[in-house]
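Next come the chains, spelled out residue by residue.
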Amino acid sequence: MLARVKVLWSHHRGLLLAFIAMLCVAGYFAVNAVAAAIYWNDPRHQDQALAGWMTPRYVAQSYDLPPRILGPALFFEPGDPPRRRRLEDIASANNVTLEELQQRVIEAAAAFRDGRDD
């Protein structure tokens, strides 16, 4: 095995380095995918109470809601480009409290889950 690596290193150094770089990139994405799967499958992270630091994407992941369902609950217009806005900024811009926003998300999630074809 070591002899093959030495031959590859001496004759095909660029290809070997490119292969190693691609292995590192694939490993990075594999670790991120596994970490996300573990994080979001933990019951503590599902249907979390809203906090000001959360983003709409985090809420969508936590409540397992598509953007077309979550968007109206967070006062987004259809076709609005997703932005990294914190929930406390969304709440203050729409003159509601986080508790009211929480209630809107819970109602949207319940309606979506009742109509879901699982």
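What counts, and at which threshold
Residues numbered from 1 in each chain as written. Predicted model: local features only at pLDDT ≥ 70, side-chain atom pairs only at ≥ 80, totals over all residues. Heavy atoms only, no water. Phe/Tyr/Trp six-rings, centres within 6.5 Å; stacked < 30°, edge-to-face > 60°. Lys NZ or Arg CZ within 6 Å of the ring centre and 35° of its normal. Salt bridge = Lys/Arg side-chain N within 4 Å of Asp/Glu carboxyl O. Buried < 20%, exposed > 50% of the residue type's maximum accessible area, 1.4 Å probe, protein only. Helix = DSSP H or I, 4+ residues; strand = E, 2+ residues; numbered from the N terminus. Patch = residues over 30% accessible without salt bridge, like charges linked within 9 Å, V, L, I, M, F, W, Y side chains within 5 Å. Areas by Shrake-Rupley, 256 points an atom, 1.4 Å probe, with all protein chains shown as cover. pLDDT = per-residue confidence, 0-100.

> Before we go on, may I ask you to explain the packing of aromatic side chains in this structure?
The geometry of an aromatic ring pair comes down to the distance between the two centres and the angle between the two planes. Using the criterion set out here, one finds 4 aromatic pairs in the structure. Judged by centre distance (4.9 Å) and plane angle (85°), the ring pair of Tyr39 and Trp40 falls under edge-to-face. Among the aromatic residues, those joined into a ring-pair cluster are Tyr39, Trp40, Trp53 and Tyr58. The ring of Phe75 has Arg104 lying over it, and the distance from NZ or CZ to the ring centre is 3.9 Å.

> I tried to follow the pattern of salt bridges on my own but got confused; where do I start?
Opposite charge on two side chains allows them to pair when their charged atoms are near. Applying the stated criterion across every chain, the model contains 4 salt bridges. The closest approach of N and O atoms between Arg44 and Asp42, which form a salt bridge, is 2.6 Å. Residue class for Arg44 comes out exposed when judged on its relative accessible area of 63%. Overall, Asp42 belongs to the buried group, its relative accessible area being 16%.

> What is the right way to read unusual backbone geometry from this model?
As a rule of thumb, non-glycine residues mostly have phi less than zero, and peptide bonds are mostly trans rather than cis. Even without being a glycine, Asp47 presents a positive backbone phi close to 55°. Its identity is not glycine, yet Phe75 carries a phi of approximately 70°, on the positive side. Mapped onto the elements, Phe75 comes out in the loop between helix 4 (67–73) and helix 5 (87–93).

> Help me understand a nonpolar patch on the surface, please; the structure alone is not making it clear to me.
A grouping of Trp9, Leu17, Phe19, Ile20 and Leu23 is seen on the molecular surface, where their side chains present a nonpolar patch of about 500 Å² in accessible area. Looking at which element gives the most residues to the nonpolar patch, the answer is helix 2 (residues 13–41), with 4 residues. Along the chain, Ile20 falls in helix 2. A relative accessible area of 40% means that Ile20 is categorised as partly exposed.

> Looking at this structure, how should I read the confidence of the model for the protein?
Detailed reading of predicted coordinates is not advised where the pLDDT is low. When the pLDDT values of the protein are averaged, the result is 90; 96% of them are 70 or greater. When pLDDT is averaged over each helix and strand of the protein, the minimum, 87, is found for helix 1 (residues 2–11) and the maximum, 95, for helix 2.

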